[in-house]
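Reading the structure
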Amino acid sequence: MSAFDFFRPTRRTVLAGAAALGGTLALGTPAVRAAGDTKTLRIAGGAADGPNSTLDPALTVGSGANQARLTLVYERLVTLDESFSPKPQLAESWSTNDVGDVWTFKLRPNVTFHDGSPFTAKDVLFTFNRILDPALGSRAVTVLAAIDPAKIRAVDDHTVEFTLRQPVVEFPLQLTHRIASIVRQGQTTEQLKTAGIGTGPFKVERFVPGEDPSIFLRHPGYWQPGKPGVDRVEVRTIPEEAARIAALSYGQVDIVLELPLVGLQRLESDANVNVDTTRSSRWFGFAAFSDTPPFDDVRVRQALKLAANREQLLRAVTGGRGVVANDLPVGPWQKFALQTEQRKYDIAAAKKLLAEAGHPNGIDVDLHTFQGTGLSELAAAYKAQAEPAGIRINIVTSPAADFWTNVWLKKPFVTTSWDATTVDDALTLSFLSNSKWNESHWYNKAYDALIAEARLTVNEEKRAEILARAQALLRDDSGTVIPFFVDTISGSRKAVKGWKRHPKLESQDFTGITIDG
Amino acid sequence: MAEAVRRLDEMNPLLWLVLRRVLLSFVSFLVVSVIIFTAVDILPGDTAQRALGREATAESVAILRSEMRLSDPAIVRYGRWLGDFVSGDLGTSMVSKRPVADYLVPPLRHTLLLGAIVLAVHIPLSLFLGLVCALTRDTPLDLGLSALVLVAMSVPDFVVGIFLIVVFSVELGWFPPLALIDQATSWTDMLYMLTLPILALNAAMTAYVVRQTRDSMIEVLNSDFVRVARLRGLPPLQIVLAHALPSALGPAINAIALNAAWLVGGIVVIEAVFNYPGLGRLLVEGVRFHDVPIIQAIALILSGTHIALNLAADIGTTLLNPKLRTRSS
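About the cut-offs
Each chain has its residues counted from 1, running along the sequence as written. Lettering of chains starts at A and numbering of ligands starts at 1, both following the order in which they are written. Given that this is a predicted model, residues contribute local features only at a pLDDT of at least 70 and side-chain atom pairs are listed and counted only at 80 or more, while totals for whole chains, interfaces and linings are drawn from all residues. Side-chain numbers come from the whole structure's heavy atoms, not from hydrogens or water. Each helix corresponds to a stretch of at least 4 residues labelled H or I by DSSP, and each strand to a stretch of at least 2 residues labelled E; elements are numbered beginning at the N terminus. We call two residues contacting when some pair of their heavy atoms lies within 4.5 Å. Each accessible area value is a Shrake-Rupley result obtained with a 1.4 Å probe; residue values ignore everything except the protein chains displayed when judging cover. In this description, a nonpolar core means a group of buried Ala, Val, Leu, Ile, Met, Phe, Trp, Tyr and Cys residues linked to one another through side-chain atoms lying within 4.5 Å. Any residue under 20% of the maximum accessible area for its type is buried, any over 50% is exposed, and the rest in between are partly exposed; the area is computed with a 1.4 Å probe on protein chains only. Following DSSP output, two strands are said to pair if at least two bridges run between them. What qualifies as a polar contact is a pair of N or O atoms within 3.5 Å, subject to a donor-acceptor requirement within protein and to the restriction that residues adjacent in sequence count only when both atoms come from side chains. Salt bridges, as used here, are contacts in which a Lys or Arg side-chain nitrogen is within 4 Å of a carboxyl oxygen on Asp or Glu. Aromatic rings from Phe, Tyr and Trp, with only the six-membered ring used for Trp, were paired whenever their centres fell within 6.5 Å, and each pair was classed as stacked if the ring planes differed by under 30 degrees, edge-to-face if by over 60, and tilted otherwise. Placement of a positive charge over a ring is assigned whenever Lys NZ or Arg CZ falls within 6 Å of the ring centre and within 35 degrees of the normal to the ring plane. As a per-residue quantity, pLDDT reports the predictor's confidence and falls between 0 and 100. The convention used is that axes are lines fitted to C-alpha atoms, helices contributing only their stretch in contact, and that angles between N-to-C directions extend from 0 to 180 degrees.

Section: the overall build of chain B
- Regarding its fold elements, chain B presents 13 helices and zero strands.
- When its helices and strands are written in sequence order, chain B yields α-α-α-α-α-α-α-α-α-α-α-α-α.
- A separation threshold of at least 6 residues defines the contact pool for chain B, and within that pool the share at least 24 residues apart is 72%.
- Within the structure as shown, chain B displays about 15,600 Å² of accessible surface, and the carbon and sulfur contribution to it stands at 70%.

What follows is the structure, encoded as C-alpha cells:
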C-alpha cells in the first residue's frame, strides 16, 4: 500500500486548508451578514491593483477599485461636480486675492474623523506638508507644485490660507485631486497604507493590498445627516470583463464600476440590472511627432485630421457610446471649451494638403498601438479611412504591458488616450513644449505663451477669450488627432438606489446609495 | 569515487533508485530556477521602470534600482535570490515593499484547498469511469464515455471554464459564475461556489486516468490469474475489486500523480477565469505590475511542486511495480 502514501499528505492538506479557510471565513462576511438587517454594498472594479494598492492617498494608484476605496475613506477640501466645476466638501467656501496667489479656505465645522477626533486646520496642514515632502515620493510634488508648504497657514481652527509660489487662478480645482485627500494629523505612512483614518462616510475594517475584498464599515459620526445609506461596503476587483458582467447579472456584486463599451446587449436586457452611461472627458486619438518627417509639415498633420471619419470611428470603437470631438482635448460641455466648426472627413482636402507638402503619392507611416482598450480597433478603422487620402498606415501592435513604457513617447506615430479633468490639465499635460508627456513633440511658443497668460488671468471672461485662441491653435497646428470622447459605462443591480457614476471615479460620492429589500 | 559507486551498487537497489530520482529532481529544480530567473530578467525594458509605470519619475526609478541592486551582474543576483529563497526569504514585493511570503500565504492556502477538492473528486470519479469502461468494453457506453472524456480533455481548460459559466450561470442560473469564496456563509455554500471550477479542472484531467484504468484493467481481466480466479468460481465482483483492480492500479496511479502535477499549472488558469483568490490570480497580478519577486516566488513554488509530484509519481509507480525495480529501469 506504499503507493498510497503519496496521497496522505493531500488528505492532510485538505484538513489544514479546511481549518485555515474556516478561519478566514469567520473573519469575513457570515458574522456580519448574520446580523440580518446589515446592508452591504458590494462594489467591483476592473483592473486588479494587486500588491500595488494602498489606502495612502499620497501614493495612490489609478485603478478604479483603489479610487473607490479612497472616496469611501477620505474627503477633500474641494471635490468636483459632474461638469468638472469645484464643489465644496471639507471646505465650505473659499476666496482669493485679485492676483490668485493667496487662497483662503473656510473649513466645515463639526466634522469628525473615524477615531472621533475633530477635523481642524491642523489636519489640513499635516496633510499638505506630508504629501509635498519630496522624501515621501508622492506625485503631489508635481501635481500641486504651486503650493509652498512653508506658506500654508492656519488662520484659526477652521480657516486655512495657502500662499502659492505663483498665481493659480483655478487653484480649487487642483485640490480636487485624490492625492489631496485630508488625513487625520499624526498618521504614519505605514498606518495610512492599510488603515488610514479620514472623515469619509466609511472607515476601514479590513484592507490588505492584493487581497479581495476590502471591507469598510459605516462611519457613525459622519457629518452629512442620514448618510451613508448602507452599513458596510465590500470592494473587490474582477479583471475579466466577461466575469464582471456575469457577476453583476447573477447578483454576486451590486455595482460594477467599469464596463466595456461594447458587448453589453445582454446586460441591457437584464431586468435586474441598470447599465449607466456617463459622459466623460476621456478621448481616444493619435499623436504624431511634429518635428519628425513627414509630420514636421503642418499640412501633413492637418491631412491626418481630415482623414478621420469621426462618426464612423466612434461607432466602430465604442458602438456609439461617446461624442465626436473636434481635435480638442476639452469636452465640448466643459466651461472654456472652444465652440467652433466641426472638422469633417474630407479626403480631397487631405490629398491636396499632402500634395502641397510634397507628397503627391501619399505617405507610408507606421502607427503603433496595443490590444485591449479599443485603441487597436481605432487604429484599424482609421487605417481604412485614411487609405484613400494616400495615408498608407502600417499598424504595429505591441503587448499592452509594454506600450506605455517602451513605445509611447518613443515612436513618432502612436494611438493615445487621455482623461484629463480640468481645462488646464487637458490643454497642458501633453501639449506644452516642456511637458514631460509631450507625445506629439509639439513645440509651439505662441501656445505656451497663451496658456501662461491664461493661468495669470483671474477675470474669467478674459481667460475664456485667451483659452479660445490657444485651443484654435492647438486644433489646427498640433500633431494630435482627437476624433471622439468616450462615455464611461458602469452597471448596478436594480435594488441599488442613488447610484450615478461620476465621470471621475476619484470624485465619486457613495454616501447617497441605498439598497432596497 | 569508484569505491563509492561500488558501495552504492551494493546498497538496496530500490534505495539507490529512489536516491537517483531525488538527485535528478534536484538538478531539474536548479535548471528550472535558472530559467525562471533569466526569463524574468531578460524581459525587455528596465525592471524598475516597469514596476513604477507610466508616471514614474527618474529619481524614483533610480532609488528602486539601487534598492534592488539591479546593477549587480546577473549571476550574483541569481545566487543571492536562490540562496534567500532556499533559506525561506522569498524577497520583498517591489511595488509595495511587503514581504512576498505575506502575499503568498492566503492564496497558497486557497489554491491547496481547491486542488485538494479537485483531486478528491478526480480520483474516485476517474477510477470509477475507467472501471465502467473496462467492464463494458466496446459497448456504446464505453465508447460514449471514452469519447466524452477525450473531448473534455482536448478543449483547453479555460474554454471549458468559460463554457461552464455561459451555460450554467449565465443561461441557466444554477451556479454562481465566480468563486468569490469570501461571500460564502457555510461550507456547503463554498462547495456550491466551487462547483464550476472543480468541474472545469476535472474535465481536463479525467481522460488520461480513465484510459489508463480501462486499458490496464482489460489487460488484467484477460490475464491468467483472473482466468484462474474465474475458474475457481469466485464471485465476479470480488474478482474485479479484490484481484484485478489492485493489479491494474499502477498505471492509473501514475496517471493520477501526473495529473496532480498538471493541476499545479492548470489551476492557475482556472483561478483567473473564476476569480478565485489563489496563487494563479496573484501570479497574474504580479505579471501585471511587473512585481518580479512575486512572479519568481510563485513560479518557483509551482514548478517545485510539479517536480515533487512527478518524483512522487515515479517512486510510487516503481514501488508498486516489481518489474521496474531493477537498476536498469
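With respect to the nonpolar core
- Counting 82 residues, the largest nonpolar core has A:Tyr382, A:Ile391, A:Phe413 and A:Tyr447 as its most contacted members.
- The contacts of A:Phe413, once residues within four sequence positions are left out, are A:Phe286, A:Ala287, A:Ala288, A:Phe295, A:Leu304, A:Val365, A:Asp366, A:Leu367, A:His368 and A:Tyr382.
- Counting 54 residues, the second-largest nonpolar core is a separate cluster that includes B:Leu104, B:Leu263, B:Leu302 and B:Leu309.

Digging into the pairing of strand β6 (residues 147-156) of chain A
- Looking at chain direction, β6(A) and strand β7 (residues 159-164) of chain A are connected through five bridges and run antiparallel. Looking at the pairing, A:Ala154 lines up with A:Val160 of β7(A).

Quick notes on the side chain of A:Arg42
Residues and elements named next belong to chain A.
- Tracing the backbone through its elements, the reader meets arginine 42 in strand β1 (residues 40-45).
- Overall, the relative accessible area of 16% leaves arginine 42 in the buried class.
- In terms of polar contacts, arginine 42 uses its side chain to reach the backbone carbonyl oxygen of glutamine 252, at 3.3 Å.

Side note on the pattern of salt bridges
All names here are of chain A.
- All told, the structure shown has 35 salt bridges over all chains when counted by the stated rule.
- Between arginine 455 and aspartate 424 there is a salt bridge; the shortest N-O distance is 2.9 Å. In this pair, arginine 455 is assigned in the loop between α16 (445-454) and α17 (460-477) and aspartate 424 in helix α15 (residues 423-428), connecting sequence segments 31 residues apart.
- Judged by relative accessible area, arginine 455 falls into the partly exposed class, the value being 33%.

Overview of unusual backbone geometry
- Omega for the peptide link from A:Asp212 to A:Pro213 comes to -10°, which places this bond in the cis form.
- Note that A:Pro213 resides in the loop between β8 (202-206) and β9 (214-218).
- One non-glycine residue with positive phi stands out, namely A:His441, at about 45°.
- Within the secondary structure, A:His441 sits in the loop between α15 and α16.
- The residue B:Asp138 is not glycine, and still its phi comes out positive at about 65°.
- Mapped onto the fold, B:Asp138 is located in the loop between α6 (100-135) and α7 (140-154).
- Of the residues examined, B:Asp138 reaches a relative accessible area of 51% and is grouped as exposed.

What about the packing of aromatic side chains?
- Within the structure shown, the criterion is met by 27 aromatic pairs over all chains.
- With a centroid separation of 6.4 Å and an interplanar angle of 70°, the aromatic rings of B:Phe168 and B:Phe175 are classed as edge-to-face.
- A relative accessible area of 21% places B:Phe168 in the partly exposed class.
- Aromatic rings pair up to connect A:Trp94, A:Trp103, A:Phe105, A:Phe128, A:Phe162 and A:Phe171 into one cluster.
- Just above the ring of B:Trp16 sits the side chain of B:Arg20; from NZ or CZ to the centre is 6.0 Å.

Thoughts on the confidence of the model for chain B
- Averaged over every residue, the pLDDT of chain B is 82; the share at 70 or more is 88%.
- Both scores are given for the predicted complex: the pTM is 0.79, the ipTM 0.74.

Topic: the environment of A:Pro225
- Mapped onto the elements of the fold, A:Pro225 is located in the loop between β9 and β10 (232-237).
- Distance from A:Pro225 to A:Trp418, taken between C-alpha atoms, is 37 Å for residues 193 residues apart in sequence.

Focus on the environment of A:Val414
Residues and elements named next belong to chain A.
- Relative to the helices and strands, valine 414 resides in strand β16 (residues 413-418).
- Here the alpha-carbon distance between valine 414 and threonine 199, two residues 215 residues apart in the chain, equals 42 Å.
- Ignoring any residue separated from it by four or fewer positions in sequence, one finds valine 414 in contact with Gly285, Phe286, Ala287, Leu367, His368, Phe403, Val407 and Trp408.

Focus on the environment of A:Asp115
Residue and element names in this part refer to chain A.
- Mapped onto the elements of the fold, aspartate 115 is located in the loop between β5 (102-107) and α4 (121-131).
- Taking the relative accessible area as the measure of exposure, aspartate 115 reaches 39% and is therefore partly exposed.
- A C-alpha to C-alpha distance of 7.2 Å links aspartate 115 and isoleucine 197, two positions 82 residues apart in sequence.
- Excluding its chain neighbours within four sequence positions, the residues that come into contact with aspartate 115 are Arg184 and Ile197.

As for the sheet that holds strand β4 (residues 91-96) of chain A
Residues and elements named next belong to chain A.
- Taken in spatial order, the four strands line up as β4-β5-β7-β6 in an open sheet, and their pairing is antiparallel. Pairing within the sheet leaves two strands with one partner each, and these edge strands are β4 and β6. When the angles between neighbouring strand axes are averaged without regard to direction, this sheet yields 20°.
- Note: β5 against β7, five bridges, orientation antiparallel. Within β7, the residue paired with valine 102 across the bridge is threonine 163.
- Lying on the sheet, α4 is in contact with β5, β6 and β7; it crosses β6 at an angle near 175°.

Observations regarding the side chain of A:Ser440
- With respect to the helices, strands and loops of the structure, A:Ser440 is situated in the loop between α15 and α16.
- If we skip the residues at most four places from it in the chain, A:Ser440 touches A:Ala287, A:Ala288, A:Phe289, A:Ser290, A:Gly479 and A:Thr480.

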